[in-house]
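Residues per chain, in single letters:
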Amino acid sequence: MEQRTLGKTGMNVTVLGYGGAEIGFRNVPVETVDQLINGALDAGLNVIDTAECYIASEEMIGKTVARRRNEYFLFTKCGHDSEGDHWNPQKMTGMIDRSLKRLQTDRVDLLQLHSCTEEQLRQGDVIDVVRRARDAGKTRFIGYSGDSQAALYAVESGAFDTLQISVSIADQEAIDLAVPAARSRGMGVIAKRPIANAIWMHDSKPDAYYQPYWERLRKLDYDFLKGDLQQAVSTALRFTLSVPGVHTAIVGTTRPGRWKENSHLLKAGALEPQRFEAIRTKWKAVAPPDWIGQT
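Everything in this summary refers to the structure shown in the same document. For clarity, every value in this text was computed on a predicted model and none was experimentally measured.

1. Brief notes about the packing of aromatic side chains
Then comes step 1: The final tally for this structure, using the stated rule, is 6 aromatic pairs.
Then comes step 2: Taking 5.2 Å as the distance between ring centres and 25° as the angle between the ring planes, the aromatic pair formed by Y222 and F224 counts as stacked. Just as Y222 is buried, F224 falls in that class too.
Then comes step 3: Ring centres 5.4 Å apart and planes at 50° place the aromatic pair W283 and W291 in the tilted group.
Then comes step 4: Given the relative accessible area of 6%, W283 is considered buried.

Below is the structure:
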């Protein structure tokens, strides 16, 4: 699988990373998670991304692949409290230590602030927490995971090594806003929700979390989404990975074997310039100003 250098971190990451949200939120059996993640590593993937708020995700990752810790880059996120006391600097250090225990490691490669607001970033105390974690050797690098103006502020603050942000055929604000700013500063860029959750497959309106993309794609009416599903997913994923400045895309799945399929979809390489520009042109013609980045 193709690898790209994640900005100034120097980490050579595969263009596909494993996203751990689904295995946590969907209560996937640990036996299935074992097949999923070990199968992904066997297929050549070297990035695992999770978060302390993804229910049992960190714990299952620790149980299944901690023994292979030197074979992958491990990313997690912090800030969400199970009791609803989010972004409490007094609690966050304990949360980070809990994440390391769950992941069965003494350090992660990347610790990310998880979608806190621009106001919280400007106060600075949450940034100080992850900086102290880095200074203590609990993480090699620190990043921000979020969207829109908060993401732009995070980039311009100069505090972070990486940015994780939504980039897809249904979410293109970042292509003009935060990603160019991150690229100019040499930051690593991680694309989340890179295939817009493949939500175009649903004929009826989905749950609230997925509705913005579902509604957008109905209005964008891309021709390539009307044909073969695998080709549509390939085009969507290749679009995201063709955005200048994007280094890796985080994709989640609950089905073992999907990673070999996803890897095969990328064999065609970057999306052809004319197809890439056609998608961008359609977005610019259809998207109203309130189609901002969706966390």
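Additional details are given in the paragraphs that follow.
2. Structural notes on the pairing of strand β5 (residues 73–78)
Then comes step 1: In terms of burial, β5 is a largely internal element, 6 of the 6 residues being buried.
Then comes step 2: Side-chain alternation along β5 places F73, F75 and K77 on one buried face and L74, T76 and C78 on a second face that is also buried.
Then comes step 3: Where strand β4 (residues 47–49) lies against β5, 3 bridges are found, and the strand directions are parallel. Directly across from I48, in β5, lies its bridge partner L74.
Then comes step 4: Regarding topology, helix α3 (residues 57–65) serves as the crossover connection from β4 to the parallel β5, and that connection is right-handed.
Then comes step 5: With 4 bridges joining them, β5 and strand β6 (residues 108–114) adopt parallel strand pairing. If you follow C78 over to β6, its bridge partner there is L113.
Then comes step 6: Following the backbone out of β5, through helix α4 (residues 89–103) and into the adjacent parallel β6, one traces a crossover that is right-handed.

3. Quick look at the environment of R107
Then comes step 1: You can see R107 is positioned in the loop between α4 and β6.
Then comes step 2: For R107, a relative accessible area of 29% corresponds to the partly exposed category.
Then comes step 3: Linking R107 and F75, residues 32 residues apart in sequence, is a C-alpha distance of 9.9 Å.
Then comes step 4: In contact with R107, other than residues within four places in its own chain, are R69, L100, G137, K138 and T139.
Then comes step 5: A distance of 3.5 Å separates the side chain of R107 from the side chain of D109, its partner in a polar contact.

4. Focus: the environment of M187
Then comes step 1: Relative to the helices and strands, M187 resides in the loop between α9 (178–184) and β9 (188–192).
Then comes step 2: Ignoring anything within four residues of it in the chain, the contact list for M187 reads G7, V155, F160, D161, T162, L163, A182 and H247.

5. Quick word on the nonpolar core
Then comes step 1: L113, Y144, F160, I169 and L217 are the most contacted members of the largest nonpolar core, which has 88 residues in total.
Then comes step 2: Beyond its immediate sequence surroundings of up to four residues, I169 is in contact with W200, L217, L220, Y222, F224, L225, A236, F239, I279 and W283.
Then comes step 3: Counting 10 residues, the second largest nonpolar core, distinct from the first, contains L6, M11, V13 and I190.

6. Some words on helix α10 (residues 211–220)
Then comes step 1: Listed as buried for α10 are Y213, W214, R216, L217 and L220. Mapping the buried residues of α10 onto a view down its axis gives an arc of 165°, with all of them on the same face. The exposed residues of α10 that point more than 90 degrees off its buried face are R218 and K219.
Then comes step 2: On its buried side, α10 packs onto β8 (162–166) and α13 (273–286).
Then comes step 3: Just downstream of α10, D221 is the residue with a positive phi angle, here 55°.

What counts as what
Residues numbered from 1 in each chain as written. Predicted model: local features only at pLDDT ≥ 70, side-chain atom pairs only at ≥ 80, totals over all residues. Heavy atoms only, no water. Phe/Tyr/Trp six-rings, centres within 6.5 Å; stacked < 30°, edge-to-face > 60°. Buried < 20%, exposed > 50% of the residue type's maximum accessible area, 1.4 Å probe, protein only. Helix = DSSP H or I, 4+ residues; strand = E, 2+ residues; numbered from the N terminus. Pairing = 2+ DSSP bridges. Right-handed = clockwise from strand over helix to strand, strands pointing away. Contact = heavy atoms within 4.5 Å. Polar contact = N/O pair within 3.5 Å; in protein donor to acceptor, adjacent residues only side chain to side chain. Core = buried A, V, L, I, M, F, W, Y, C linked by side-chain atoms within 4.5 Å. Arc of directions from axis to C-beta.

All we've got here are geometric facts, nothing functional implied.
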